[in-house]
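Close look at the chain arrangement
Listed below, chain by chain, are the residues.
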Amino acid sequence: MFSSLGRWNVSGSYQRLPRGPEAQKCSPEKSASFFSKLTYSWFSRQMIIFCEHRPDFGWSGYGYALALFVVVFLQTLILQQYQRFNMLTSAKIKTAVIGLIYKKALLLSNVSRKKFSTGEIINLMSADAQQLMDLTANINLLWSAPFQILMAISFLWQELGPAVLAGVAVLVFVIPVNALVANRMKKLKKSQTKNKDKQIKLLNEILHGIKILKLYAWEPSYKKKIIEIREQELEVQKSAGYLAVFSMLTLTCIPFFVSLATFGVYFLLDEGNILTATKVFTSMSLFNILRLPLFDLPMVISAVVQTRISLVRLEDFLNTEDFHPRSIETKYIGDHAIGFTNASFSWDKTGIPILKDLNIKIPEGALVAVIGQVGSGKSSLLSAVLGEMEKLKGVVQRKGSVAYVSQQAWIQNCILQENILFGSVMQKQLYERVLEACALLPDLEQLPNGDQTEIGERGVNISGGQRHRVSLARAVYSGADIYLLDDPLSAVDVHVGKQLFEKVIGSSGMLKNKTRILVTHNLTLLPLMDLIVVMESGRVAQMGTYQELLSKTKNLTNLLQAFSEQEKAHALKRVSVINSRTVLKEQILEQNDRPLLDQGKQFSVRKEKVPVGGVKFSIILKYLQAFGWLWVWLNVATYLGQNLVGIGQNLWLSAWAKEAKHMNDFTEWKRIRSNKLNIYGLLGLMQGLFVCLGAYVLTRGSLAASRTLHAQLLDNVLHLPLQFFETNPIGQIINRFTKDMFIIDMRFHYYLRTWVNCTLDVIGTVLVIVGALPFFIVGIIPLVFLYFTIQRYYVASSRQIRRLAGASRSPVLSHFSETLLGVSTIRAFGREQRFIQQNKEVVNENVVCFYNNVISNRWLSVRLEFLGNLMVFFASLLAVLAGNSIDSAIVGLSISYALNITQSLNFWVRKACEIETNAVSIERVCEYENMDKEAPWIMSKRPPSQWPNKGIVEFVNYQARYRDDLGLALQDITFQTHGEEKIGIVGRTGAGKSTLSNCLFRIVERSGGKIIIDGIDISTIGLHDLRGKLNIIPQDPVLFSGTLQMNLDPLDKYSDGELWEVLELCHLKEFVQSLPKKLLHEISEGGENLSVGQRQLVCLARALLRKTKILILDEATASIDFETDNLVQTTIRKEFSDCTILMIAHRLHSIIDSDRVLVLDSGRITQFETPQNLIHQKGLFFDMLTEAGITQDSGTKSKYF
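In this text the structure is predicted, and so the values were computed from the model without any measurement.

A closer look at the overall build of the chain
For the chain, the count of helices and strands is 38 helices and 22 strands. Sequence separation of at least 24 residues holds for 83% of the intrachain contacts in the chain that already meet a minimum separation of 6. Carbon and sulfur atoms make up 58% of the accessible area of the chain, which totals about 43,400 Å².

Next up, the structure:
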């Protein structure tokens, strides 16, 4: 009678196993169909009584058979309607919670933002919102479970009298045991949530900073960190699995303990009590109905407790402090656009003031420059104007609307036109004027679809300069009253910068009548300003016009001394925008310049592919291989044993009841009674043992599969080429590590196990019924055929719906991550409502797929259960037609099994579908395995340990392209450096400068020719052997969350003394010593708690630590002021004096004193000479110098470098 854990759960008992997703979900059908279960329990009782007293009832047997069919059919219809309503309600709740989280994320103050990392907020949207959804579907059990228990006990009392209390006592005893298990599971879930938060946070940073990892060959170090967190996750998973073994033991042993206790007490109460078929099968049916709510009640209470944890997390998040621009007065009398009066600001209320005692009045329509050294508070001043900082004291006044251009350009994943319009109405003439003024027209000609080209996440398929110009165009088009410009002339060429100032920012530009605050390091612009604010240590050191400051103070003079006298003289005559600052806050690293379209690096952003057709068996085979074949066969063996023992239990009970009916001597009945009871109990214990072994084996195997597949996924991702990360949204990759790995960890093994169990169970059930009623085989064959037909239709649609749902989840995560990166820009422009609407649209698309999934499941259930109901009817009809040729005990057994086969077959088909639809997750996790990878990290041929010892770099007829279907990005590059030579690399945007450095690191592989470093062809050695021996200071300063020490030395190779030494050389020692934890100072996500300049200095410190023979500088000091830059350049010159330096530069002053200059144009070398010779030749280099405002006089060795 208990041939499986769920044998008597006529509503789909397999869902009650405390493992997998259903472990913490209590099926809502329990309350919806409870009365139906009691009713057909009563009808099956009447059928058994009819078979015992056949002559007394006549035709009533046919009535009972028909009534049984009608009752189970009504149950199907009621249950499916309830399920549909329930799932839709829970989906609405989940959607509402996601909407709340998104809205709150847009309103978080800076203080609150520091408390919650991106990973934690994404986890709130995925895991905690899902937990609320799950509870909603089961909340009715809180009242229905106790009600079901009372009803079942009252029915049992009628059958067995007071003896029923013994069975109930056993069931009640299990409740605190289950409660203890549930409490332990709650703690494990809390621990697991923390591990998942850590993993998502680290993954997010690794994927955004993947270029740094590849350039420095740091992948193994960060891979190890992820695996450490993963091992902690698997430890928790193992504990949960072993708890499940205990739960299964109690669950399996309950039925026979209950029956032993009940029948034992029943015999003791009155020696005349005899076990009849009616009593056996009716009471066992009712006990099993009772078992389910008793098991569900602790589960739903546990689910409530777990949801409470989720609610506390959500509550903490939703109750954090909001962004309050109310601290800024917008209605005041006066002609100033912005005013500060004795104002002090901090990033949090209790923190140290960052800006102190500000007294500034900025007239309407003025052009104001804010200058100062790294970390002096320039960008913070703009944040204070926006209301992003906490005002500690004083008054802040601001008149009119604001447009903000952030220091690190934020670009949306949409078409370029939408990036510029930013929700404003299209005005064709204004739009075209903005494109022209922001020098975007030439770029539109390069892009595949002009301004309709889709820009990837964080603007990955456009250059740094283009991102800044799009960001500036967005601000100009908005038509605001006040413009806050955090160095928008940063990553652009000299001539483009000049155009931007003249046509947009300056006195003759489009913004000439607007109030403009320009943060800059470019001191050549100062004579053209109406007002200059000099910041120093968070205070206004000086303020006034250029002439006033020049006459009053030495500060400005000192700053200007960073230029040579020749530079200053020429700078005062003409505007030259020669400073190029960093681009990137968004943490992914892109080349500063990109070749033109025909040269190949205009990537198109790839949408996530949705596979079609069936999941290949090889996918499931891959999972079984990861599971381990030993564990697979042990699993099958334990379930086979469990089902055989279960069938033996049922047959034993049936035979016992049959013997009791035909036994005339009461003394003989008493003699065999205890013997029969003992054997029945022994069979129950054996089944419990088999179930425990099965659960243990499953836990071990599933852990092995989870560990193997996760390690393979991580390894495959880290080996993908950089171009993959530039053309695929990060959300797609994170989705595989979160949702898809969750299905592999928690669900897939559960579905496989259940399907095997169901298969064995269905076979056993059919054999038992056919053994009792041989003609049943006639009805089962056509019904099984119909089952498979329905399954085929369902699987095809359900599988594709699941794939669409998986693909529609990625845009939700991507849009959310994008919003968190650009929240200050969104708030500055006042576009919160538009982004909330966009979030609703992407969530709605995901909900549409969910709804289709719910409806397809209801479609399947109605049809499968109807076929199952026909089986019940057929078995009942055969029992009536059999007449006196069949015993009532056999009738009880066959009807009980027939009632069970409805749900067994239903569940079997559903789990087969679940296996195929969830195998999509394995398919997605294994998808990267077959993609093109980078070359091996280590190869059999390895360079000598001292290589390179001379630093001679030679390009021989070198050619490179970004993709096979695109043109060459570099063509016939041939040159050779000398040892310890300083080479400047220059060229206009798209000339191929950064492509050249990428080729050195084999980020881009060759199409022809070769690169030789100190006699070794770099294509013949492993990537890590190559990249580990080169050194680069990248343009984009990316830091990872963790300690400062870890950021400097993630491989833990160097001593603290060496770290302090390089910090001193980078002029960071004083700053780090002022920090409470010094080298152990925690860097926040993306290095947000350091200024961009300080981040750049940390990157310089990394390079000084590695100190190899070849150094590549990619506009590496662009984010720091001239004074610090001068010191840093001196450090580079001194510390790398014995190295070969390749310096990529937009700012020509930084390479004017190189030994030789390599001039690139359209991927070819046009000139390669000393700077003096190039000036005399009057070619492209001379033209670029002229545009930059540098004459031949300034070609002499500059003090700047």
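Picking up after the structure, the text goes on.
Let's talk about the pairing of strand S11 (residues 953-960)
Across six bridges, S11 lies against strand S14 (residues 1006-1013) in antiparallel orientation. Looking at S14, one finds that Gln959 is bridged to Gly1008. As judged from the four bridges shared by S11 and strand S12 (residues 970-976), these two strands associate in the antiparallel manner. Its bridge partner lying in S12, Phe955 is registered against Phe975.

Points about helix H35 (residues 1092-1106)
Think of an α-helix as 3.6 residues a turn; residues three or four steps apart then line up on the same face. With 15 residues, H35 extends 22 Å from end C-alpha to end C-alpha; this agrees with the ideal 21 Å at 1.5 Å per step. Counting buried positions over the 15 residues of H35 gives 15, a clear majority of the element. Taken from the residues just after H35, Lys1107 is the one with a positive phi, measuring 20°.

A closer look at the pattern of salt bridges
If you walk through the whole model with that rule in mind, you get 28 salt bridges. Between Glu315 and Arg308 there is a salt bridge whose closest N-O contact spans 3.9 Å. A relative accessible area of 46% means that Arg308 is categorised as partly exposed. Linking Glu929 and Lys622 is a salt bridge whose minimum nitrogen-to-oxygen distance equals 3.3 Å. Placement of the pair is Glu929 in the loop between helix H29 (888-926) and S11 and Lys622 in helix H21 (residues 617-627), with a sequence separation of 307 residues. In this structure Lys622 comes out as partly exposed when scored by relative accessible area, which is 24%. Salt bridges sharing common partners tie together Lys196, Arg230, Glu233 and Asp745.

What about unusual backbone geometry?
Backbone geometry follows two general trends: most residues other than glycine have a negative phi, and most peptide bonds adopt the trans configuration. Omega for the peptide link from Trp947 to Pro948 comes to -10°, which places this bond in the cis form. Take Pro948: it is sitting in the loop between H29 and S11. The backbone of Ala217 shows a phi angle near 55°, a positive value even though the residue is not glycine. Locating Ala217 in the fold gives a position in the loop between helix H9 (210-216) and helix H10 (219-269). A positive phi angle, close to 50°, is found at Asp357, a residue other than glycine. Residue placement: Asp357 occurs in strand S3 (residues 355-363).

Here's the deal with the packing of aromatic side chains
Under the definition given, this model contains 22 aromatic pairs. Pairing Phe340 with Phe345 gives two aromatic rings, centres 5.8 Å apart and planes at 85°, and the pair type is edge-to-face. Just as Phe340 is buried, Phe345 falls in that class too. A centroid spacing of 4.9 Å and a plane angle of 15° characterise the contact between Phe955 and Phe975, whose relative ring orientation is stacked. Of this pair, Phe955 sits in strand S11 while Phe975 sits in strand S12, and the two are 20 residues apart along the sequence. For Phe975, a relative accessible area of 6% gives the class buried. One aromatic cluster is present, formed by Trp410, Phe422, Phe829 and Phe835 through successive ring pairs. One residue, Lys225, lies across the ring of Tyr222, its end atom 5.6 Å from the ring centre.

Observations concerning the sheet that holds strand S8 (residues 515-519)
On the basis of which strands lie adjacent, the open sheet formed by six strands has the order S6-S7-S8-S4-S9-S10 and mixed pairing. For this open sheet the edge positions go to strand S6 (402-405) and strand S10 (539-544), each flanked by a neighbour on one side alone. In this sheet, adjacent strand axes meet at a mean angle of 15° when their direction is disregarded. Relative to strand S9 (residues 531-536), strand S4 (residues 367-372) runs parallel, the two sharing five bridges. Across the sheet, the residue bridging to Ala369 is Ile532, located in S9. The sheet strands contacting helix H12 (residues 378-386) are S4, S6, strand S7 (482-486), S8 and S9, and the helix crosses S7 at an angle near 150°. Of the strands in this sheet, S6 and S7 touch helix H16 (residues 464-478), which is tilted by about 175° from S6.

The rules behind these values
- Residues numbered from 1 in each chain as written.
- Predicted model: local features only at pLDDT ≥ 70, side-chain atom pairs only at ≥ 80, totals over all residues.
- Heavy atoms only, no water.
- Helix = DSSP H or I, 4+ residues; strand = E, 2+ residues; numbered from the N terminus.
- Contact = heavy atoms within 4.5 Å.
- Areas by Shrake-Rupley, 256 points an atom, 1.4 Å probe, with all protein chains shown as cover.
- Pairing = 2+ DSSP bridges.
- Expected span 1.5 Å × (residues − 1).
- Buried < 20%, exposed > 50% of the residue type's maximum accessible area, 1.4 Å probe, protein only.
- Salt bridge = Lys/Arg side-chain N within 4 Å of Asp/Glu carboxyl O.
- Phe/Tyr/Trp six-rings, centres within 6.5 Å; stacked < 30°, edge-to-face > 60°.
- Lys NZ or Arg CZ within 6 Å of the ring centre and 35° of its normal.
- Axes fitted to C-alpha atoms, helices over the stretch in contact; angles between N-to-C directions.

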